[in-house]
Amino acid sequence: MAPSSTLKSPASGKVKRSGHSRKLFLKILRVLVLTIACLAVLIPLAYLVINSLKLQADMYTTPPIIIPRRITFEHFQTAFGNPKTLRYLSNSLIVASVTTAVTVIVSTLCAYGLARLGLRARWLALIIFVFLFIRFYPRITTVIPYFLVMRDFSLLDTVWAIIIGHLGITIPFVTWLMLIVFQDLPREVEEAAMVDGAGPLQRFWRVALPMAAPGVASAAILTAFLSWNEFLIASSVAKRQAQTLSIAVAGFVTDKGIQWGPMAATAVIMIVPMILFALFVQRYLVRGITLGAVKG
Amino acid sequence: MTVANQPAPRHRRKWVHDWPWMVAFVVPALFIVVIVQGYPLLFSAYLSTQDWILTNSPSSEGFVGFGNFVKVAQNEVFQRAVRNSIIITGSAIVVEMLLGTGLAYLASGSSWPMRIVRTILILPLVIAPVAAGTLWRMMLNSQMGLTNYLLSFVGVKGPDWLGNADWAVVSVIIVDVWMATPFVFLVVSAGLTGIPFELHESASLDGATRWQSFLRIDIPLLAPLLLLTLIFRMLESLLSLDSIYTLTLGGPGYATFTMTYYIYTLGLRSFNLGLAAAASWLFMAFAAAALGFVFWLQQRWQTSQ
């Protein structure tokens, strides 16, 4: 398995040698498995980007063209040249940013209130259960009634219908997350501030919030991703004007056939900014995702 | 709010006079959640007892009691969807747990190659499920797909992934694994860093092999985390709709109809509101039981720690 290691130490005993080559074997295995795993993540992403740049004629070949000799921006031009795509893009941006801003403000306050209300453990557990339940119950249950409610308020096909729908998911989730953060903060600092005469608002704003800032950042980032990527609620209430990018991507799949090029280009527009953003804020993202599961 | 007024332990007392403020902090969030989630939930419970197809009539055509539930339970497509959901979620979460845990061990450490590997491995988490479905639709396509082309290099003739009923189910599992293994990977990685290094050190001094210390130290310490992750993953996988929508549209035929996808088509394609609500409440009962179980476990662990 590892001839080099046996050659290097010909004099060493049998036990030591087999231990050595076993270690090398494990090391090679580790590198191999991790390389395959990384390729399994990267190849599909790369193929999507390549397809978005392929000529229409090169699109549907067997075997597939991996490195196209000629590339084209035609699909992006079709996408960006279409005022609709621009509207989808701006809708997605509006929905994600309004949802994130409102969620973070409302949920952080709520979580702080719950953490400092002095509730009995049992009551707090009940509230946490309700929030957790809202995070995980079949959302499809409320989507149809929500559609009817929005119809009755004539909010159908507006970004507001999507934003309000997203808030219903993100607020319980972020409140739950922030509750974990606030419960972990040392109370002594706040109690000291209280002795100095700081009111509840000041204690929240000047003492608790700065300590919880990394948690708030994580929550905001997770909310933005969730809202940007969400499909079910958006597609149920937005049919034309208010469509977001996720609906646009799904819209290329029809019973009759698929326009691969524009679909790939739209998917790239949707994915690539998020990947760059994720790389930029990776630490907060990881913290946010693991917080709920590890501390929960 | 009466709870806050009751005699509290001494360290809590000085917080008590703030409670009107804290209530004011809590109310906006509760208000939004009750309006956006609570009301539709009740509405949906009401719908489940009504005979109402939106395309036939703008309002309900009458009360049918449990009729919708009976009708749904006897529906062949629903039964098939339940079976598909169990097959897809069941196999996907087993693969995800094993693969995610294994990768977390292999990619541990703070060297720069490992940090890059970890960054790459979590990328699928930030990709929209609709886009993930789309890109795998390209990968698995029988003509332009890269998967079968790559398989041909190792001498395997790939199947018609999305055209064959059985392989389409496998395709849905593959996409679920691709999207969610990073979650397991991330959570287990975080859990591993929480295990004190000294434990492994003293175990190896006592002559334990790595495998033994994995079984005797890591697994017991990680068990609560692994179980939580498993159940979170199970629920999210059962609820996933977006990726199936862009990957297979439920097809070929009804081959990849899952519970969520079936309810979606029932409610938002056929606009059969009564049946869709009944089906989703059957689904809800199951999800509530699973969540209640997780929560009960969590509370037990918290009190035993």
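As the structure is a prediction and not an experimental result, all values here were calculated from the model.

A. Geometry of the overall build of chain A. A count of helical and extended segments in chain A gives 14 helices and zero strands. Secondary structure of chain A in N-to-C order comes out as α-α-α-α-α-α-α-α-α-α-α-α-α-α. For chain A, the C-alpha radius of gyration of 26 Å lies well beyond 19 Å, the compact-globule estimate for 296 residues. If you line up chain A on its principal axes, its C-alpha atoms span 75 × 65 × 35 Å.

B. How the structure looks around the packing of aromatic side chains. All names here are of chain A. The final tally for this structure, using the stated rule, is 24 aromatic pairs over all chains. For the ring pair Tyr112 and Phe204, a centre distance of 5.0 Å and an interplane angle of 55° mean the geometry is tilted. Pair noted here: Tyr112 is in helix α5 (residues 83–116) and Phe204 is in helix α10 (residues 200–229), with a separation of 92 residues, a long-range link. There is no split in this pair, since Tyr112 and Phe204 are both buried.

C. How the structure looks around the interface of chain A and chain B. Across the contact, 103 residues belong to chain A and 100 residues belong to chain B. Of the roughly 9200 Å² buried between chain A and chain B, counting both surfaces, carbon and sulfur atoms make up 80%. Between the two partners, chain A and chain B, sit zero salt bridges. Applying the counting criterion to the chain A and chain B interface returns eight residue pairs in polar contact (both at pLDDT 80 or more).

D. Structural context of the packing of helix α8 (residues 159–184) of chain A against α10 of chain A. Residue and element names in this part refer to chain A. Relative orientation of the contacting elements α8 and α10 amounts to 140°, with a least axis distance of 10 Å. Taken together, the axis directions place α8 and α10 in an arrangement best described as oblique. In the crossing of α8 with α10, the sense of the turn from one axis to the other is right-handed. Contact residues: His166, Thr170, Phe173, Val174, Leu177, Met178, Val181 and Phe182 in α8; Phe204, Ala208, Ala212, Gly215, Val216, Ala219, Leu222, Thr223, Leu226 and Ser227 in α10. Taken together, the residues of the contact of α8 with α10 sort by class into 13 nonpolar, five polar and no charged.

E. Geometry of the nonpolar core. Grouped together as the largest cluster of nonpolar side chains are 195 residues, with contacts concentrated most on Met178 and Phe182 of chain A. Ignoring anything within four residues of it in the chain, the contact list for Met178 of chain A reads Thr108, Ala111, Ala212, Gly215, Val216 and Ala219 of chain A.

F. Broad picture of helix α11 (residues 210–239) of chain B. Taking 1.5 Å per residue, 30 residues should reach 44 Å; α11 of chain B reaches only 38 Å between its end C-alpha atoms and comes up short. Bending of α11 of chain B peaks at approximately 55° at the position of Ala223 of chain B, with proline Pro224 of chain B no more than four residues after it.

G. Layout of the pattern of salt bridges. All names here are of chain B. Under the defined criterion, the tally for this structure stands at five salt bridges over all chains. In this structure, the salt-bridge partner of Arg233 is Asp176, at a minimum N-O distance of 2.8 Å. Here Arg233 is found in helix α11, whereas its partner Asp176 is found in helix α9 (residues 165–193), with 57 residues between them in sequence. The same class applies to Arg233 and to Asp176, which are both buried. A salt bridge links Arg233 to Glu236, with the shortest nitrogen-to-oxygen separation between them at 4.0 Å. With Arg233 and Glu236 both in helix α11 and three residues apart, this pair spans about one turn of that helix. Relative accessible area serves as the criterion here: at 34%, Glu236 is assigned to the partly exposed category. One network of salt bridges, with partners in common, ties together Glu96, Asp176, Arg233 and Glu236.

H. Broad picture of the environment of Thr193 of chain B. All names here are of chain B. One can find Thr193 in helix α9. Using a relative accessible area of 69% as the deciding quantity, one classes Thr193 as exposed. Taking the C-alpha atoms as reference points, Thr193 and Ile122, separated by 71 residues in sequence, lie 17 Å from one another.

I. Up close: the confidence of the model for chain A. On average, residues of chain A carry a pLDDT of 83, and 91% of them reach 70 or more. Note that pLDDT drops below 50 for residues 1–15 of chain A; the model gives that stretch ten contacts with residues more than four away or on any other chain.

Rules of the game
- Residues numbered from 1 in each chain as written.
- Chains lettered and ligands numbered in written order.
- Predicted model: local features only at pLDDT ≥ 70, side-chain atom pairs only at ≥ 80, totals over all residues.
- Heavy atoms only, no water.
- Helix = DSSP H or I, 4+ residues; strand = E, 2+ residues; numbered from the N terminus.
- Rg over C-alpha atoms; globule rule 2.2 N^0.38 Å.
- Phe/Tyr/Trp six-rings, centres within 6.5 Å; stacked < 30°, edge-to-face > 60°.
- Buried < 20%, exposed > 50% of the residue type's maximum accessible area, 1.4 Å probe, protein only.
- Contact = heavy atoms within 4.5 Å.
- Buried area = accessible area lost by both parts, 1.4 Å probe.
- Salt bridge = Lys/Arg side-chain N within 4 Å of Asp/Glu carboxyl O.
- Polar contact = N/O pair within 3.5 Å; in protein donor to acceptor, adjacent residues only side chain to side chain.
- Axes fitted to C-alpha atoms, helices over the stretch in contact; angles between N-to-C directions.
- Parallel < 35°, antiparallel > 145°, perpendicular 65-115°, else oblique.
- Left-handed = near helix turned anticlockwise from the far one by under 90°.
- Nonpolar A, V, L, I, M, F, W, Y, C, P; charged D, E, K, R; others polar.
- Core = buried A, V, L, I, M, F, W, Y, C linked by side-chain atoms within 4.5 Å.
- Expected span 1.5 Å × (residues − 1).
- Bend = angle between axes of the 7 residues up to and from the residue.
- pLDDT = per-residue confidence, 0-100.

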